[in-house]
Amino acid sequence: MTHRGTMRSVVSTFVVGSVALGGAVAAHATTGISVLFAVTDSSNNGKLDVSLSAPSDVTSLQVSLFSETTQQTVATVTNFKLVSGTAMDGVWQPKTRIQLPALDTYRIDVSAIDADGDTLSTTGSGYFDYDVQTNLDDATVDRTTVDYQDRSVTMSGHLMGKWPATGDVTPLADEEVDVSSYSQYGSAITAADGSWSVTIPFTSEYQSSIQAEFAYDSGYVSSDPNSRFYDSSLSRSIGVKIKQTATKLFLTPSARSVPFQGAVSSTSATLLWDSPSGWAPLVGKTLGSNSFGSFLQETTDANGNAVFPATPALWNDATISAGWDSDDVFLADAQASSAITVVQPSTFVSFTPTRTDASTVTATGDLGFSFDTPGTIPVDIQFSATGKGGWTTVATVPNAWFDGPGYGFSITIPSSTAGFWRATFSGGKQFESATSSVVYLPAS
């Protein structure tokens with residue numbers, strides 16, 4: 001509960017020999033009784049608390065309540081009980097609710113006597129807010145999850161007031177209740193039974209809760225003259241979750257494999273959302289990508305499609321990506337990517353088969369790569385009797401090694417037949433295949 005600007009908090013410091021509360025000062029002996037605070041009780045709006053410090057037990061306590069409106073003392077309270085501390089240093093409270101003629105803020109004047117005969121008489125030791133304590137305790141909402149179809153929350157409840165004289169709780173009519181959720185606000189005027197209802201739209205990802213407030217100084221002019229003595233109050237804050245609808249983005253490049261320094265000529269994109277009737281295109285949405293040399297934006301058409309232009313020349317494997325930053329808090333962002341393989345060139349720098357003796361041939365050479373290199377480089381040595389076909393792999397070098405001019409290989413092969421020799425490299429998915437020059441060797 002929120003209170004007016006009058007004194008409802010405990011004063012933590014005081015001047016020995018004088019009381020500095022509510023703007024009034026009452027002088028007495030330094031060995032006498034001191035008022036530490038005199039305020040409205042925080043849990044009971046029909047009672048007040050007086051904290052006294054005395055050289056001996058306080059035996060008599062009287063509080064007079066003075067109206068600034070009428071300039072008269074309207075009540076004198078003497079039926080106090082000690083509710084905390086000791087009779088020398090404790091807090092005193094009336095045994096029953098205080099009965100006053102009207103809601104208002106009243107000055108508290110304190111008189112006290114202790115067992116040693118010390119006396120105290122002050123004017124203005126504090127203020128007593130004789131107000132209606134309001135609450136919005138039954139505030140509730142129609143939903144705690146909002147989604148694409150249901151984008152608002154209705155909060156409703158009753159504004160109730162506890163009256164200080166009796167403690168009775170009754171509805172408060174013709175009062176303004178404000179409801180807020182982050183940057184969204186709404187208000188309603190309470191009905192005769194204190195009921196109110198406000199609907200708040202959810203438009204921001206930062207809206208995660210909703211709360212109602214009654215503020216006595218809201219600016220609304222109530223038909224009830226007592227309303228200026230209704231304390232402010234807050235409802236509980238109720239969490240609200242935003243449920244986003246799923247989206248999908250598909251990328252279809254014109255090619256998924258290109259030669260070294262080649263380009264993907266175009267890339268199609270399709271943006272869909274999970275509508276109540278199934279997956280449907282998102283029209284007129286801006287897709288962005290930095291995969292085409294610079295950041296580009298393309299807008300989806302009536303079918304949710306957009307086309308990105310050619311990529312720059314690609315030197316090694318790349319990933320084309322694009323995304324949509326949702327412009328609707330109830331639709332999720334979408335991203336997609338597609339891997340592009342760049343086939344690296346390879347070539348035989350040299351190949352030399354040499355007859356070592358009548359029964360063996362030694363094949364040597366170097367294989368070169370322009371930009372990237374395979375992890376392993378197997379080289380097949382092939383033989384053909386005619387050089388026009390019928391090539392047979394007669395030996396394999398498991399892995400060529402770097403030797404300066406390129407990736408070298410050397411192997412000795414049993415052979416006594418005249419014929420043609422060549423070396424081959426099967427590049428696979430990421431490297432071009434290569435075949436060396438064809439070399440004829442006679443028999444020994």
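Residues numbered from 1 in each chain as written. Predicted model: local features only at pLDDT ≥ 70, side-chain atom pairs only at ≥ 80, totals over all residues. Heavy atoms only, no water.

*Asks:* Could you give me a rundown of the sheet that holds strand 17 (residues 169–171), with the residues and numbers involved?
*Replies:* Strand order in the open sheet made by the three strands is 12-16-17, with antiparallel pairing throughout. Every interior strand has two partners, whereas the edge strands, strand 12 (133–135) and strand 17, have only one. Along the sheet, successive strands turn relative to each other by an average axial angle of 30°, direction set aside. Two elements, strand 16 (residues 160–162) and strand 17, share three bridges in a ladder whose sense is antiparallel. Note that in strand 17 the partner of lysine 162 across the bridge is valine 169. (Pairing = 2+ DSSP bridges. Helix = DSSP H or I, 4+ residues; strand = E, 2+ residues; numbered from the N terminus. Axes fitted to C-alpha atoms, helices over the stretch in contact; angles between N-to-C directions.)

*Asks:* Provide a residue-level description of the side chain of arginine 355, including the pertinent values.
*Replies:* Locating arginine 355 in the fold gives a position in strand 34 (residues 346–357). We note that arginine 355 is buried and unpaired, the nearest opposite charge coming from aspartate 357 at a distance of 6.1 Å. Looking at arginine 355, its side chain comes within polar contact range of the main-chain oxygen of alanine 358, at 3.5 Å. Within polar-contact distance, the side chain of arginine 355 engages the backbone oxygen of proline 442 at 3.0 Å. Other than its neighbours up to four places away in sequence, arginine 355 contacts Thr360, Val361, Ser415, Ser416, Thr417, Leu441, Pro442, Ala443 and Ser444. (Buried < 20%, exposed > 50% of the residue type's maximum accessible area, 1.4 Å probe, protein only. Lys, Arg positive; Asp, Glu negative; His and termini not counted. Salt bridge = Lys/Arg side-chain N within 4 Å of Asp/Glu carboxyl O. Polar contact = N/O pair within 3.5 Å; in protein donor to acceptor, adjacent residues only side chain to side chain. Contact = heavy atoms within 4.5 Å.)

*Asks:* Describe the side chain of lysine 47, with residues and values.
*Replies:* Relative to the assigned elements, lysine 47 resides in the loop between strand 3 (34–40) and strand 4 (48–53). Buried charge without a salt bridge: lysine 47, with aspartate 41 as the nearest opposite-charge side chain at an N-O distance of 7.4 Å. Non-local contacts of lysine 47, meaning those with residues more than four positions away in its chain, are made with Thr40, Asp41, Gln93, Pro94, Lys95, Thr96, Arg97, Ile98 and Phe128.

*Asks:* How would you summarise the packing of aromatic side chains if you had to cite specific residues and measurements?
*Replies:* Geometrically, a pair of aromatic rings is defined through the distance of the ring centres and the angle of the planes. Counted according to the given criterion, the structure contains 17 aromatic pairs. Here the aromatic rings of tyrosine 148 and tryptophan 273 are separated by 4.7 Å at their centres, their planes lie at 40°, and the arrangement is tilted. One end of the pair, tyrosine 148, is in the loop between strand 14 (145–146) and strand 15 (152–158); the other, tryptophan 273, is in strand 27 (residues 267–275), and 125 residues separate them in sequence. The partly exposed category is assigned to tyrosine 148, whose relative accessible area is 25%. Residues phenylalanine 292 and phenylalanine 308 carry aromatic rings whose centres are separated by 5.1 Å and whose planes lie at 0° to one another, so their mutual orientation is stacked. Taken together, the residues phenylalanine 292 in the loop between strand 29 (286–289) and strand 30 (296–299) and phenylalanine 308 in strand 31 (residues 305–308) connect sequence positions 16 residues apart. For phenylalanine 308, a relative accessible area of 1% gives the class buried. Feature note: the residues Phe369, Phe402, Tyr407, Phe425 and Phe431 constitute an aromatic cluster, connected by ring pairs. Looking at arginine 107, its charged tip hangs above the ring of phenylalanine 66, at a distance of 4.1 Å from the centre. (Phe/Tyr/Trp six-rings, centres within 6.5 Å; stacked < 30°, edge-to-face > 60°. Lys NZ or Arg CZ within 6 Å of the ring centre and 35° of its normal.)

*Asks:* Break down the sheet that holds strand 20 (residues 195–201) for me, citing the residues and quoting the values.
*Replies:* Consider a sheet: its strands pair through backbone hydrogen bonds, and that pairing is either parallel or antiparallel. Strand order in the open sheet formed by three strands is 13-15-20, and the pairing between neighbours is antiparallel. With one partner strand each, in any of the chains shown, strand 13 (140–141) and strand 20 form the two edges of the open sheet.

*Asks:* Describe the nonpolar core, listing the residues and the values that go with them.
*Replies:* If you look at the biggest cluster of nonpolar residues, it comprises 52 residues, and the most contacted ones within it are Leu52 and Trp196. Setting aside chain neighbours within four positions, we find tryptophan 196 in contact with Leu136, Ala139, Met155, Ser156, Gly157, His158, Leu159, Val177, Val179, Ala188, Thr190 and Ala212. Residues Phe260, Leu287, Leu331 and Ala334 belong to the second largest nonpolar core, which totals 23 residues. (Core = buried A, V, L, I, M, F, W, Y, C linked by side-chain atoms within 4.5 Å.)

*Asks:* Before we move on, can you summarise the confidence of the model for the chain with the specific residues and values?
*Replies:* Within the chain, residue pLDDT values average 92, and 93% of them lie at 70 or more. Across residues 1–30, confidence stays below pLDDT 50; counting only partners more than four residues off in sequence or on other chains, it has 73 contacts. (pLDDT = per-residue confidence, 0-100.)

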